[in-house]
Amino acid sequence: MPIKERTEMPVQDPKERIKNFSQVALGYTEEMALNEASRCLQCKNPTCMTGCPVAVKIPEFIKLLKEKKYQEAIDKIKETNNLPAICGRVCPQEHQCEAKCVLARRGQPVAIGRLERFVADWEHSHGKSEVRKAEPNGHRVAVVGSGPAGLTCAADLARLGYQVTIFESLHAPGGVLIYGIPEFRLPKDVVRREVEYVKSLGVKIETSVVIGRTLTIDDLFHDGYEAVFVGSGAGLPMFMHIPGENLNGVYSANEFLTRINLMKAYEFPEFDTPIKRGKRVAVVGAGNVAMDAVRCALRLGAEKAMILYRRGREEMPARAEEVLNAEEEGVEFHFLTNPVRILGDDKGWVTGVECIKMQLGEPDKSGRRRPIPIPGSEFVIEADTVIMALGTSPNPILAQTTEGLKAHPWGGLIADEKTGRTTRPRVWAGGDAVTGSATVILAMGAGKQAAKDIHEYISSGAQGW
Amino acid sequence: MNEILEKTVLTPVTKKIVVNAPYVARKAQPGQFIILRVRENGERIPLTIADYDREKGTITLVFQEVGLTTRLLGRLEVNDSILDLVGPLGVPAELPEKGTVVAVGGGVGVAPILPKCKEMHKRGVKVISIIGARSKDLLILEEEMSACSDELHICTDDGSRGFHGFVSDKLKELIENGVQMDEVIAVGPIPMMRATCEVTRPYKIKTWVSMNPIMVDGTGMCGACRVTVGGETKFCCVDGPMFDGHLIDWQEAWRRVNMYRDEEKVANERCPNCGGVR
Ligand SMILES: Cc1cc2nc3c(=O)[nH]c(=O)nc-3n(C[C@H](O)[C@H](O)[C@H](O)COP(=O)(O)OP(=O)(O)OC[C@H]3O[C@@H](n4cnc5c(N)ncnc54)[C@H](O)[C@@H]3O)c2cc1C
Ligand code: FES
């Protein structure tokens with residue numbers, strides 16, 4: 001039997017969408033979803049699930065979807081995944097569930113992410129299952145950070161009856177989902193909706209509280225919390241430490257994206273936070289963050305938006321769909337290109353990037369081929385804005401201010417992989433704070449594991465740690 | 001939380017507010033700052049904590065209405081609340097336990113220098129203060145400064161009060177007259193701090209300055225607040241705001257702080273009625 005083609009998802013026309021911040025991928029209609037769901041073979045031994053870090057019951061939800069039991073389908077996903085509307089949009093499915101789909105071997109896997117998004121959005125527009133608040137069990141847990149790790153840990157504990165308070169340093173909850181990932185990829189309404197859901201379970205969110213400054217973890221214990229989960233992410237931007245990096249017009253991707261997403265600088269002066277609207281924008285790096293930054297630059301009116309990447313096309317770590325989107329939108333990719341110096345005018349504004357050509361050598365520890373500079377190959381790319389998207393590392397504030405909480409030299413908190421237990425008794429950690437920048441779903445998974453272990457620990461009498 | 005409990009108009013452009021912020025008050029130390037936002041569409045701006053009262057759970061902020069957000073903040077009245085306020089941020093100032101310190105405050109910079117003087121005074125450090133403004137109407141916190149200083153010198157650029165000249169000129173005069181000092185702390189606009197550092201540099205007198213760059217998050221997440229200190233990039237919000245003034249790249253600091261000057265103009269012009277004394 002020939003396999004049906006994978007159902008395409010409608011998207012905004014690239015020529016139009018680079019002028020706005022609205023969602024690029026528009027989502028399946030019911031008909032499209034049913035059509036795509038019908039491709040699922042309902043394998044007896046589903047391999048797709050092994051690719052999912054939180055083991056969403058994929059064939060089961062797709063079966064329910066096929067039967068048009070949409071509420072049951074979303075409930076099935078929510079048994080293991082609290083944030084399906086988000087994961088359906090931002091998970092790197094091509095490396096996870098869809099990579100393990102048997103159809104992938106014969107061509108195109110079932111579009112699991114799009115189906116997940118469909119049922120999550122369906123639930124939003126067709127009323128919602130009753131939120132069942134758990135009987136309070138009298139125990140209090142504090143969560144540091146309101147990104148996917150913190151939200152998930154808090155929600156799971158709240159469902160078990162814990163009284164949970166999340167402390168968030170920014171003025172809005174959501175972590176990277178709110179300050180990093182742009183509106184056109186993940187509408188902030190979707191994030192707010194998920195945050196509201198977590199709140200509806202009884203979780204309290206206190207914004208504008210920096211743990212380590214406003215309150216310490218010791219204060220939290222002193223105030224009666226019995227356990228603390230740290231999901232503080234990896235928010236510290238890296239720079240290249242090359243000359244010219246502090247010229248006007250050089251941003252970290254974090255600053256650029258925070259101005260745009262959290263502060264809505266693209267609506268300046270309607271919103272008070274300004275941003276420079278570069279005409280020729282060079283983004284250094286090729287991960288999700290770089291793609292988001294370069295596509296934001298286009299939407300702010302850049303005539304030329306460029307990715308500068310020291311390795312090749314195959315090595316780009318970004319989600320495949322976003323690379324494709326960026327290409328369609330006209331982003332220029334300069335591979336095997338590494339900045340060595342940023343050039344400026346006499347007033348201190350960026351005028352260009354001096355780069356050196358690279359070639360790929362032997363594979364390094366990460367398995368990717370190591371880029372080696374080609375001597376004498378320097379050249380200049382003109383630019384008025386340069387955005388550094390080189391990765392981020394965990395903020396040292398918590399390790400510095402919490403007795404006994406240890407971190408690796410690169411900043412990641414030391415925590416048990418299975419349970420999330422740190423080196424400080426009654427403190428758990430997970431997500432980017434432990435792994436360094438990774439993915440939404442892994443952060444969620446870590447939040448879930450920690451919630452489970454916190455529950456086991458407290459419900460068995462909180463002994464011996 | 002964040003209600004304004006008291007408001008005083010110090011000069012036509014400078015206001016002092018006392019805000020109910022028990023968390024911040026509990027932890028605040030001299031040299032630290034807060035970040036605030038005054039409206040839903042608002043930006044995040046840093047302001048130094050000019051004073052705090054742990055028992056009452058209050059902090060004092062002194063600000064000059066220069067940009068849109070400070071003008072909007074100036075419009076808030078007693079019982080109004082500040083939308084978001086987070087802190088205390090930054091590293092507390094490392095203040096000496098003994099010896100003589102000259103505290104130099106220019107313009108609204110007198111506000112952040114006050115808690116440092118108070119603390120040093122409490123510790124028994126000899127505090128010589130030099131405060132200044134463009135003219136006498138713009139001088140602030142004279143009484144409060146006088147209460148925690150062993151000597152207080154007042155300067156105005158136009159000579160309408162005290163010493164006729166810049167605070168840095170007064171400092172130079174003291175040094176030339178042989179006044180002994182172990183350290184200088186200077187807080188104010190960049191040109192003033194820079195000038196102060198140039199005065200002390202030949203004498204190798206340790207000079208601390210409090211940098212006030214553009215910030216977004218204030219927790220080390222964005223790097224908007226980068227300053228070059230001794231050839232190294234520092235994030236002012238987490239590594240500062242106090243740095244050795246002789247190591248600062250002043251030229252860079254000056255152009256970075258003016259990066260959004262055009263946009264600031266647009267924002268101000270769009271909102272002509274924001275602010276002003278009410
Ligand atoms: C631009 C961008 C695009 C991305 N795209 C994708 C994608 O497409 N797919 C994907 O799977 N992943 C993506 N990622 C990665 C993903 O967003 C992260 O891996 C994930 O958000 C990590 O979750 P977390 O909960 O560990 O931390 P975060 O989301 O970083 O949340 C941490 C929260 O803790 C708060 N916090 C930090 N310190 C403190 C403190 N001391 N006190 C109180 N609060 C504190 C922070 O303000 C933040 O809100 C992207 C990341 C970025 C930056
Ligand atoms: S203000 Fe963002 S890092 Fe300092």
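Everything numeric here is computed off the predicted structure, so don't read it as measured data. (Residues numbered from 1 in each chain as written. Chains lettered and ligands numbered in written order. Predicted model: local features only at pLDDT ≥ 70, side-chain atom pairs only at ≥ 80, totals over all residues. Heavy atoms only, no water.)

Novice: Lay out unusual backbone geometry with the relevant residues and their values.
Specialist: At the junction of G87(B) and P88(B), the peptide bond is cis and its omega measures out at -5° in the coordinates. Examined against the element boundaries, P88(B) turns out to sit in strand β6 (residues 84-89). Cis geometry is found at the peptide bond from G240(B) to P241(B), where omega equals 10°. Examined against the element boundaries, P241(B) turns out to sit in the loop between α7 (236-239) and β15 (242-244). If you check the backbone angles, K264(A) has positive phi at about 55° while not being a glycine. (Helix = DSSP H or I, 4+ residues; strand = E, 2+ residues; numbered from the N terminus.)

Novice: Can you break down the UniProt feature "binding site: FAD" (unreviewed entry) in chain B residue by residue, with the values?
Specialist: Residues and elements named next belong to chain B. The feature "binding site: FAD" (unreviewed entry), as given by UniProt, occupies V62, F63 and Q64 in the numbering adopted here. By the element assignment, F63 lies in strand β5 (residues 58-64). Residue F63 is classed as buried on the basis of its relative accessible area, which comes to 1%. Excluding its chain neighbours within four sequence positions, the residues that come into contact with F63 are V13, T14, K15, I17, L47, T70, L73, G74 and V108. Of note, Q64 is situated in strand β5. Take Q64: its relative accessible area is 25%, and that puts it in the partly exposed class. Dropping the residues within four chain positions of it, Q64 is found in contact with V13, T14, T70 and V108. (UniProt positions renumbered as here; feature names shortened; annotations may be inferred. Buried < 20%, exposed > 50% of the residue type's maximum accessible area, 1.4 Å probe, protein only. Contact = heavy atoms within 4.5 Å.)

Novice: How would you sum up the nonpolar core? Please name residues and give values.
Specialist: Counting residues in each nonpolar core, the largest one holds 81 residues, and the members touching the most others are F61(A), L65(A), L115(A), V119(A) and I454(A). Each residue touching I454(A), except ones within four places of it in the same chain, is listed here: V141(A), C153(A), L157(A), Y162(A), A227(A), F229(A) and W428(A). Judged by nonpolar contacts, the second largest core, of 53 residues, contains I342(A), V104(B), I175(B) and C236(B). (Core = buried A, V, L, I, M, F, W, Y, C linked by side-chain atoms within 4.5 Å.)

Novice: How would you sum up the interface of chain B and chain A? Please name residues and give values.
Specialist: Contact residues are listed per partner, giving 42 residues for chain B and 44 residues for chain A. Between chain B and chain A lies a buried interface of about 3800 Å² when both sides are counted; carbon and sulfur atoms form 52% of it. Applying the counting criterion to the chain B and chain A interface returns three salt bridges. If you look at where chain B meets chain A, you find 22 residue pairs in polar contact (both at pLDDT 80 or more). Per-element accounting of the side of chain B that touches chain A gives the leading share, six residues, to β6(B). When grouped by side-chain class, the residues that make up the side of chain B that touches chain A number 17 nonpolar, 10 polar and 15 charged. (Buried area = accessible area lost by both parts, 1.4 Å probe. Salt bridge = Lys/Arg side-chain N within 4 Å of Asp/Glu carboxyl O. Polar contact = N/O pair within 3.5 Å; in protein donor to acceptor, adjacent residues only side chain to side chain. Nonpolar A, V, L, I, M, F, W, Y, C, P; charged D, E, K, R; others polar.)

Novice: Give me the packing of aromatic side chains: which residues, what numbers.
Specialist: Residue and element names in this part refer to chain A. Taken as a whole and assessed by the stated rule, the structure comprises 11 aromatic pairs over all chains. With a centroid separation of 5.8 Å and an interplanar angle of 20°, the aromatic rings of F333 and F335 are classed as stacked. An identical accessibility class is assigned to F333 and F335; each is buried. Ring geometry for W428 against W465: centres 5.0 Å apart, planes inclined by 85°, an arrangement best described as edge-to-face. Separated by 37 residues along the polypeptide, W428 in strand β16 (residues 427-429) and W465 in the segment after α18 (440-459) bring together distant segments of the chain. For W428, a relative accessible area of 0% puts it in the buried group. Classification of W465 as partly exposed rests on a relative accessible area of 25%. An aromatic cluster of three or more residues is present, and its members are F21, F184 and Y266. Positioned above the aromatic ring of Y225 is the side chain of R140, whose terminal nitrogen or guanidinium carbon lies 4.2 Å from the ring centre. (Phe/Tyr/Trp six-rings, centres within 6.5 Å; stacked < 30°, edge-to-face > 60°. Lys NZ or Arg CZ within 6 Å of the ring centre and 35° of its normal.)

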